[in-house]
Amino acid sequence: MSAAGVAAALLLLIRRRRRPAEHTSPRPAGPTQRLPAGLTQRRPAGLRLRRGIAALRLAARGGARYASNAPRLFAAAGENRQRLRNDLALQTAEDVAVTLGAMKGVLMKLGQMASYVDDGLSPAVRRTLSRLQDSVPPMSPELAAGVVTEELGLPPERVFAQWDPEPIAAASIGQVHRAMTHDGRAVAVKVQYPGIAESMAADLANAALLRRMLKVTAPSQDVDALVAELRDRVLEELDYHREAENQRRFAAYYAGHPTIRVPGIAGDLSARRVVTSELSAGARWAELLTWSQEQRDLAAETIYRFVFRSLYEAHAFNGDPHPGNYLFHGDGQVTFLDYGLVKHFTDVELGPLIHMVRNLCVKNDPEAFRRAMEEAGFLVRDAPLSTEVIVDHMAVFYQLVRESAPQTITPDYASAVVRRFFDLRSPVTAYVAIPRSYVILQRINLGLFALLGELNATANWRAIAEEIWPFVRAPASTPIGEAEAAWRASRTGTRSFA
């Protein structure tokens with residue numbers, strides 16, 4: 001089994017299930033390593049094997065722990081049994097957070113997703129895994145300084161007027177340091193982990209299980225094309241030149257927006273493994289969850305507008321929606337960070353998405369919706385299924401925008417979207433596919449709505465969507481919409497940067 005496959009299985013194993021064998025267990029955390037595990041310049045085959053073994057050992061520890069506790073679980077009853085399950089799940093989450101946080105790369109990204117997608121997690125387990133969002137074991141100050149020196153030609157203490165050797169955040173492929181430029185700008189400097197490219201390539205090379213899983217969930221799918229698209233997008237994250245350009249374009253596009261903030265880029269202080277941007281401060285996701293429902297609703301509306309305004313108007317999608325990439329400032333103001341995983345769309349690629357939503361949600365023409373799916377490659381032509389069955393299968397993905405009325409995005413809805421995406425029992429599954437150009441958009445279904453569900457966000461999502469849809473362009477429906485309309489009117493036309 002591949003490392004990525006084992007990690008994906010582990011994320012399912014930590015869920016609060018009824019059967020003890022479906023859990024994993026912890027291993028005590030060791031001291032923080034100066035270089036995250038696996039991030040060394042080694043031969044790819046050997047590195048892939050070592051990372052796969054590390055994930056297998058993580059699973060084995062879980063199996064041993066639950067085997068040893070099976071008699072206690074069997075004998076316990078009621079609250080005592082549930083308490084024991086919760087304890088084991090929490091210990092498992094701690095092991096996953098420590099292990100995947102140290103390994104970094106693709107495996108850590110799976111852990112990040114688990115921290116906000118699975119509504120079966122207890123609050124304690126979720127809090128433990130949430131450490132992977134923006135706080136994981138960092139590399140040593142010496143290693144970070146070495147990368148800066150190699151990329152910018154001088155040690156950080158000379159490149160910058162002030163340099164904080166302790167990182168303020170550590171994520172899946174790099175960590176962030178505070179600094180002050182010689183002209184007085186406060187900046188955030190993201191430094192890529194040495195050897196992370198080799199580690200991610202090793203994880204992505206373990207694609208056999210992924211291919212088998214995709215083939216089962218969508219037998220008609222061109223699995224090799226899907227895997228290739230995922231590999232291309234993930235490996236693009238390693239090129240900080242590309243990330244800096246993506247962020248620069250988003251910052252220019254949203255300049256002056258009333259609630260969307262994108263930090264500017266310091267191009268002269270950025271390179272292939274270093275990207276320097278304006279320093280931003282704000283509340284993290286965990287703090288937002290303690291705010292009033294009104295404040296959470298406003299933040300959710302801005303996130304929703306950012307995703308779909310970027311897609312439909314700017315023809316770009318920032319494909320990594322997870323809590324560690326947002327900072328919150330109140331009254332709906334959100335700073336959006338991390339532009340390593342961005343997909344740009346041409347008019348030809350975006351057209352089918354527009355036809356599908358317009359035919360189903362505006363024209364209410366199921367047959368036209370089916371034809372649009374077929375033309376886009378989402379559905380096999382002339383599949384032996386009724387249009388009613390197809391629409392029923394797809395309806396959950398469009399539920400929020402089919403009717404104009406306030407709706408609350410609940411964790412149950414977010415889970416229903418994920419379950420439908422992987423529903424093997426549906427007769428539609430054998431005839432649906434994901435064209436390569438749209439693979440990254442599935443993060444909307446698997447990530448964005450999970451986040452909004454955790455906020456229990458309420459809005460008239462259809463009315464907001466109609467403001468954004470290029471085939472409607474309705475008047476503003478909320479105070480944020482009114483401010484956004486004024487911002488758009490102040491610009492000379494819309495500016496796609498696809």
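Residues numbered from 1 in each chain as written. Predicted model: local features only at pLDDT ≥ 70, side-chain atom pairs only at ≥ 80, totals over all residues. Heavy atoms only, no water.

Enquirer: Where do I start with the nonpolar core in this structure?
Expert: The nonpolar side chains of soluble globular proteins are, as a tendency, buried together. Judged by nonpolar contacts, the single largest core of 74 residues is most densely connected at Tyr 304, Phe 308, Phe 328, Tyr 398, Phe 449, Leu 452 and Trp 461. Per-element accounting of this core gives the leading share, 9 residues, to helix H14 (residues 293-312). In this structure, Phe 308 is in contact with Glu 313, Ile 444, Leu 448, Phe 449 and Ile 468, ignoring residues within four places of it in sequence. (Core = buried A, V, L, I, M, F, W, Y, C linked by side-chain atoms within 4.5 Å. Buried < 20%, exposed > 50% of the residue type's maximum accessible area, 1.4 Å probe, protein only. Helix = DSSP H or I, 4+ residues; strand = E, 2+ residues; numbered from the N terminus. Contact = heavy atoms within 4.5 Å.)

Enquirer: It is not clear to me how the side chain of Thr 387 should be interpreted in this structure. Could you clarify?
Expert: Relative to the helices and strands, Thr 387 is located in helix H17 (residues 387-398). Within the local environment of Thr 387, its side chain forms a polar contact with the side chain of Glu 367, the two groups lying 2.9 Å apart. With residues near it in sequence (within four places) discarded, Thr 387 still touches Pro 366, Glu 367 and Arg 370. (Polar contact = N/O pair within 3.5 Å; in protein donor to acceptor, adjacent residues only side chain to side chain.)

Enquirer: Whenever I open this one, the pattern of salt bridges confuses me. Can you help?
Expert: A side chain with one charge may pair with a side chain of the opposite charge, provided their charged atoms come close. The final tally for this structure, using the stated rule, is 17 salt bridges. Connected through salt bridges with shared partners, the residues Glu 301, Arg 305, Arg 309, Glu 313, Glu 467, Glu 484, Arg 488 and Arg 491 form a single ionic network. (Salt bridge = Lys/Arg side-chain N within 4 Å of Asp/Glu carboxyl O.)

Enquirer: Help me out: how do you make sense of the sheet that holds strand S9 (residues 333-336) in this one?
Expert: Working definition: the strands of a sheet are paired by backbone hydrogen bonds and lie parallel or antiparallel to each other. The strand order across the open sheet formed by 3 strands is S5-S9-S8, and the pairing between neighbours is mixed. Looking at which strands have only one partner, the edges of the open sheet turn out to be strand S5 (260-261) and strand S8 (326-330). Here S5 runs beside S9; their pairing, made up of 2 bridges, is parallel. Of the residues in S9, the one forming a bridge with Ile 260 is Val 334. (Pairing = 2+ DSSP bridges.)

Enquirer: Even after reading the chapter, I still don't get the pairing of S8, so can you show me in this structure?
Expert: Side-chain direction in a regular strand flips from residue to residue, so the side chains alternate between the two faces of the sheet. The element S8 is largely enclosed, with a buried count of 4 among its 5 residues. Taking the residues that link successive antiparallel strands as the turn, the S8-S9 hairpin has 2 residues, and the phi of Asp 331 there is positive, at about 55°.

Enquirer: Just checking my understanding: could you explain the packing of H14 against helix H21 (residues 479-489) for this structure?
Expert: When two helices pack together, their arrangement is given by the angle between their axes and by how far apart the axes lie. In the contact formed by H14 and H21, the axes pass within 11 Å of each other and the chain directions differ by 40°. As for the relative orientation of H14 and H21, their crossing is right-handed in sense. Contacts between H14 and H21 involve Leu 298, Glu 301, Thr 302, Arg 305 and Arg 309 on the former and, on the latter, Ile 480, Gly 481, Glu 484 and Arg 488. Per-class residue counts for the contact of H14 with H21 are 2 nonpolar, 2 polar and 5 charged. (Axes fitted to C-alpha atoms, helices over the stretch in contact; angles between N-to-C directions. Left-handed = near helix turned anticlockwise from the far one by under 90°. Nonpolar A, V, L, I, M, F, W, Y, C, P; charged D, E, K, R; others polar.)

Enquirer: Which parts of the structure should I look at to understand the packing of aromatic side chains?
Expert: The geometry of an aromatic ring pair comes down to the distance between the two centres and the angle between the two planes. This model, assessed by the stated rule, comprises 19 aromatic pairs. Ring geometry for Phe 369 versus Tyr 398: centroids 5.7 Å apart, planes at 90°, classification edge-to-face. Of this pair, Phe 369 sits in helix H16 (residues 366-376) while Tyr 398 sits in helix H17; the two residues are 29 residues apart in sequence, bridging distant segments of the chain. For the pair Phe 378 and Tyr 438, a centre-to-centre distance of 5.2 Å together with 25° between the ring planes defines the contact as stacked. Residue Phe 378 is located in the loop between H16 and H17, and its partner Tyr 438 is located in the loop between helix H18 (411-421) and helix H19 (442-454); the two are separated by 60 residues in the primary sequence. Assessed through its relative accessible area of 11%, Phe 378 is described here as buried. A connected cluster of aromatic rings, assembled from ring pairs, spans Phe 250, Tyr 253, Tyr 254, Trp 285, Phe 306, Tyr 326, Phe 328, Phe 336, Tyr 339 and Trp 487. Positioned above the aromatic ring of Phe 345, the side-chain terminus of Lys 343 is 5.9 Å from the ring centre. Just above the ring of Trp 487 sits the side chain of Arg 491; from NZ or CZ to the centre is 4.1 Å. (Phe/Tyr/Trp six-rings, centres within 6.5 Å; stacked < 30°, edge-to-face > 60°. Lys NZ or Arg CZ within 6 Å of the ring centre and 35° of its normal.)

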